[in-house]
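Understanding the architecture of this molecule
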Amino acid sequence: MRAVIIGAGIAGLAAALRLSQIGWDSLIIERAPQRRSGGYAVTFGGIGYDAAERMGILPDLVKRSFVTEELVYHRPDGRRRFSLTRETIVATTGPRSMTILRGDIETVLYERVHDRAEIRFGTTITAVDQDAHAVRVTLSDGTVEQADLLIGADGLHSATRALLFGPERDFLLDMEHKVAVYMLDKRPAAIAPGTTGTLSSGGRTAAVISVGDGRNVAFFGYRTAHTAPGEDAATQLRRVYGDLGWVIPEALDGLGRADSVYFDTISQVVAPTWSRGRVVLLGDAAWCVTLFAGYGSALAVGGADRLGTELERHQGDVGAALAAWESALRPEVDKKQKLGRRVKGVYAPANPLLLWLTQLPLRLAALPPVRRYMTRRFIKG
Ligand SMILES: Cc1cc2nc3c(=O)[nH]c(=O)nc-3n(C[C@H](O)[C@H](O)[C@H](O)COP(=O)(O)OP(=O)(O)OC[C@H]3O[C@@H](n4cnc5c(N)ncnc54)[C@H](O)[C@@H]3O)c2cc1C
């Protein structure tokens, strides 16, 4: 059996690894000329953690994960509001969860996959046709690849989805925020190694994350009401955050020296079905839950794992496997999409009272008795 997978992100690489474990061959098509690295910090837990354990990649992920020593919440002028210690952070995330850079999840998967699957960089999908027996995928390098299954793991702005399911506007739910994330070449002096500093003010959040191994991430998330059309990341961030002090000016300067920036509007993907015949969408292409849910990488790995399980169980009946996979996974995705929509309202509060109220649970979590209670709750499951 053979799959063509569009996209070498977390979902595509995880699918290739899982398919190799059930004896399938895969060809991965990636638009970027080479592998991406770094990215941003993600919380990786839930069904992703369980799947990583089953797929045998958990020890490698744990090795690359990091624990934040202190998470400090600041006022707009830089003064400390309150902070969470390492113990509180661990207690709030639970034992089967980790913080890791998105690019490091991809690296772990890539290292397992690169000699088990062909990866073609600098290439994209241009057309698809299928019948009861096979799917034929036309690629931008002029080749036509035949396979038993085409997996569209090409992210939020999926070309596979556009070709097979319809235009992007029919699937994207605008969450009315924008995000910009990039790696900093230098840690701002006010951010201690291994810690994260964050602030939220007037519908804007910003954070600087020191991974602790010399790598640092700048993160900006803000309401679209602040934006103007056609602005590039540098212009927009300076306009939206330019009045703030603390490490913000240093972090903004770092953008000019960054290799790349992730800069996009935040949208969920809501698709009534994830497959058409022998074509299936996976990861953000199918169900992007957004950073508000903090669960997209977990769903990408968990979804890939379960897809492999159903394809193996249904022994070549691709249609039956895809139907079983989707009905098993949908409740988890629906739950996380609902969570994402709830968090949207409180993520970057526009007024100070709402900010105080949204930070209250975190302040409470920092109290030792509450922390001890949370730790016990996780241990008991
Ligand atoms: C700032 C931020 C914070 C986040 N925090 C968390 C978190 O805490 N926890 C969590 O679990 N998730 C988090 N997420 C979500 C998570 O990162 C994504 O859900 C996950 O990376 C999706 O992986 P993917 O492989 O589906 O898509 P992508 O990562 O978008 O990968 C798609 C791949 O396909 C390639 N591609 C795109 N178009 C084409 C094409 N036409 N042809 C060929 N290749 C193509 C791209 O280059 C890319 O390599 C966060 C996301 C953001 C932006």
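Scroll up for the structure.
Just so we're clear, the structure is a prediction, and the values are computed from it rather than from any experiment.

One way to see where empty space is left: roll a probe the size of a water molecule over the atoms. Counting across every chain of the model gives one cavity of 30 Å³ or more. There is about 60 Å³ of room inside the largest cavity. Along the walls of the largest cavity sit A8, L13, E30, Q34, R35, R36, E106 and F121, which together make up its complete lining. Looking at the lining of the largest cavity residue by residue, the classes come out as three nonpolar, one polar and four charged.

As a further point, take the site of the ligand. Neighbouring residues of the ligand: 32 residues in total, closest E30, T43, T124, D284 and S297. Here an oxygen atom of the ligand and a side-chain polar atom of E30 are 2.5 Å apart. Out of a free accessible area of 1,000 Å², the ligand has 91% covered by protein chains. Only helix 1 (10–21), strand 3 (41–45), strand 12 (172–184) and helix 10 (296–313) provide two or more residues apiece to the shell around the ligand. It is helix 10 that provides the largest number of residues to the shell around the ligand, a total of three residues.

Okay, the sheet that holds strand 16 (residues 262–269) next. Sheet strands associate in pairs through backbone hydrogen bonding, adopting either a parallel or an antiparallel arrangement. The strand order across the open sheet formed by seven strands is 5-4-13-14-15-12-16, and the pairing between neighbours is mixed. Each of the sheet's edge strands pairs with one partner strand only, and the pair in question is strand 5 (80–85) and strand 16. Averaged over all pairs of adjacent strands, the angle between strand axes in this sheet comes to 20°, irrespective of strand direction. Sitting on the sheet, helix 12 (residues 352–365) is in contact with strand 4 (70–74), strand 5 and strand 13 (195–201), with an inclination near 30° to strand 5.

With that settled, consider a nonpolar patch on the surface. Taken together, the side chains of V346, L353, L354, W356 and L357 make up a nonpolar region of the molecular surface, amounting to roughly 460 Å² of accessible area. When residues of the nonpolar patch are assigned to their parent elements, the largest contribution, four residues, is made by helix 12. Relative to the helices and strands, L354 is located in helix 12.

Counting 75 residues, the largest nonpolar core has I28, L61, I151 and W287 as its most contacted members. Residues contacting I28, with those up to four places away along its chain left out, are I5, G7, A8, G12, L13, A16, V113, A117, E118, I119 and R120.

The next thing to look at is the environment of M55. Tracing the backbone shows M55 in helix 2 (residues 46–55). Classification of M55 by relative accessible area gives buried; the value is 3%. Spatially, the C-alpha atoms of M55 and I151 are 19 Å apart, while their sequence positions differ by 96 residues. The residues touching M55, leaving out its near neighbours within four places in the chain, are A14, L17, R18, Q21, R112, V301 and D305.

Counted by the stated rule, this structure contains eight aromatic pairs. Both rings, one in W274 and one in W287, keep their centres 4.9 Å apart while their planes meet at 65°; by these two values the pair is edge-to-face. One end of the pair, W274, is in the loop between strand 16 and strand 17 (275–276); the other, W287, is in helix 9 (residues 284–287), with 13 residues separating them in the sequence. Relative accessible area serves as the criterion here: at 1%, W274 is assigned to the buried category. By relative accessible area, W287 is classed as buried at 0%. Taken together, the ring pairs in this structure connect Y182, F220, Y222 and Y241 into an aromatic cluster. When the ring centre of W274 is taken as reference, the NZ or CZ atom of R330 above it lies at 4.1 Å.

All right, on to the pairing of strand 4 then. Across the five residues of strand 4, four count as buried, placing the element largely inside the fold. The sheet contact formed by strand 4 and strand 5 spans five bridges and is antiparallel. Pairing of L71 across the sheet is with L84, part of strand 5. By the bridge criterion, five bridges tie strand 4 to strand 13 in an arrangement that is parallel. Bridge pairing links L71 to T196 in strand 13.

Another point: the environment of T138. As for its placement among the helices and strands, T138 is situated in strand 9 (residues 135–139). Taking the C-alpha atoms as reference points, T138 and T126, separated by 12 residues in sequence, lie 5.6 Å from one another. Ignoring anything within four residues of it in the chain, the contact list for T138 reads T124, I125, T126, A127, T143 and V144.

What follows concerns helix 11 (residues 318–347). Compared with an ideal rise of 1.5 Å per residue, which puts 30 residues at 44 Å, helix 11 spans 40 Å between its outermost C-alpha atoms and is within 8% of the ideal. Taken as a whole, helix 11 carries its principal kink of about 40° at R330; the proline P331 stands between one and four residues after it. When helix 11 is considered as a whole, its buried residues turn out to be V318, A321, L322, W325, E326, L329, R330, E332, V333, K336, Q337 and G340.

Before going further, it helps to spend a moment on the packing of helix 7 (residues 233–241) against helix 8 (residues 248–255). For any two helices packed against each other, one specifies the crossing angle of their axes together with the interaxial distance. The geometry of helix 7 relative to helix 8 is characterised by a closest axis approach of 10 Å and an angle of 170° between their N-to-C directions. Judged by the inter-axis angle, helix 7 sits roughly antiparallel to helix 8. Between helix 7, through A233, A234, L237, R238 and Y241, and helix 8, the contact on the second element is made entirely by I248, L252, D253 and L255. Taken together, the residues of the contact of helix 7 with helix 8 sort by class into seven nonpolar, no polar and two charged.

Criteria and thresholds
- Residues numbered from 1 in each chain as written.
- Predicted model: local features only at pLDDT ≥ 70, side-chain atom pairs only at ≥ 80, totals over all residues.
- Heavy atoms only, no water.
- 1 Å grid on protein atoms, 1.4 Å probe; cavity = no way out; pocket = protein on both sides within 12 Å on 5 of 7 lines; lining within 4 Å.
- Points joined across faces, edges and corners; volume = space filled by probe spheres on them.
- Nonpolar A, V, L, I, M, F, W, Y, C, P; charged D, E, K, R; others polar.
- Near = heavy atom within 4 Å.
- Polar contact = N/O pair within 3.5 Å; in protein donor to acceptor, adjacent residues only side chain to side chain.
- Areas by Shrake-Rupley, 256 points an atom, 1.4 Å probe, with all protein chains shown as cover.
- Helix = DSSP H or I, 4+ residues; strand = E, 2+ residues; numbered from the N terminus.
- Pairing = 2+ DSSP bridges.
- Axes fitted to C-alpha atoms, helices over the stretch in contact; angles between N-to-C directions.
- Contact = heavy atoms within 4.5 Å.
- Patch = residues over 30% accessible without salt bridge, like charges linked within 9 Å, V, L, I, M, F, W, Y side chains within 5 Å.
- Salt bridge = Lys/Arg side-chain N within 4 Å of Asp/Glu carboxyl O.
- Core = buried A, V, L, I, M, F, W, Y, C linked by side-chain atoms within 4.5 Å.
- Buried < 20%, exposed > 50% of the residue type's maximum accessible area, 1.4 Å probe, protein only.
- Phe/Tyr/Trp six-rings, centres within 6.5 Å; stacked < 30°, edge-to-face > 60°.
- Lys NZ or Arg CZ within 6 Å of the ring centre and 35° of its normal.
- Expected span 1.5 Å × (residues − 1).
- Bend = angle between axes of the 7 residues up to and from the residue.
- Parallel < 35°, antiparallel > 145°, perpendicular 65-115°, else oblique.

Nothing here speaks to function; it is all geometry.
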